[in-house]
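# Overview (structure and organization)
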Amino acid sequence: MHIPIKRSRTNQIFGGVIAGLCEHYDWDPAIGRVLYVLLTLTPVFPGVIVYLLLWMLMEKPY
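A brief structural summary. (Residues numbered from 1 in each chain as written. Predicted model: local features only at pLDDT ≥ 70, side-chain atom pairs only at ≥ 80, totals over all residues. Heavy atoms only, no water.)

### Re the overall build of the chain
When helices and strands are tallied, the chain shows three helices and two strands. Going from the N terminus to the C terminus, the chain shows its helices and strands as β-α-α-α-β. Taken against the 2.2 N^0.38 rule, which gives 11 Å for 62 residues, the C-alpha radius of gyration of the chain at 11 Å falls within 12% of a compact globule. Principal-axis analysis of the C-alpha atoms places the extent of the chain at approximately 35 × 25 × 20 Å. (Helix = DSSP H or I, 4+ residues; strand = E, 2+ residues; numbered from the N terminus. Rg over C-alpha atoms; globule rule 2.2 N^0.38 Å.)

Spelled out as structure tokens, the structure:
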């Protein structure tokens, strides 16, 4: 099983997950990362687990 969105190859910090999502939806990666950090700090959103799952399910950059 995979998600048909590719991780970013050129704009990655750890795995390119957030940048890949931002590139797919034409968002600014800096804003995407800030939103991700803000969501991760809330007790409802398990940010690290979601990031790792997306890292495993998203297509590898080529």
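### Considerations on unusual backbone geometry
Of note, aspartate 26 is a non-glycine position whose phi angle comes to about 55°, a positive value. Structurally, aspartate 26 is set in the loop between helix 1 (17-24) and helix 2 (29-41).

### A few points about a nonpolar patch on the surface
Together, Ile31, Val34, Leu35, Val37, Leu38 and Leu41 line one region of the surface with nonpolar side chains, adding up to about 590 Å² of accessible area. You can see leucine 38 is positioned in helix 2. (Patch = residues over 30% accessible without salt bridge, like charges linked within 9 Å, V, L, I, M, F, W, Y side chains within 5 Å. Areas by Shrake-Rupley, 256 points an atom, 1.4 Å probe, with all protein chains shown as cover. Salt bridge = Lys/Arg side-chain N within 4 Å of Asp/Glu carboxyl O.)

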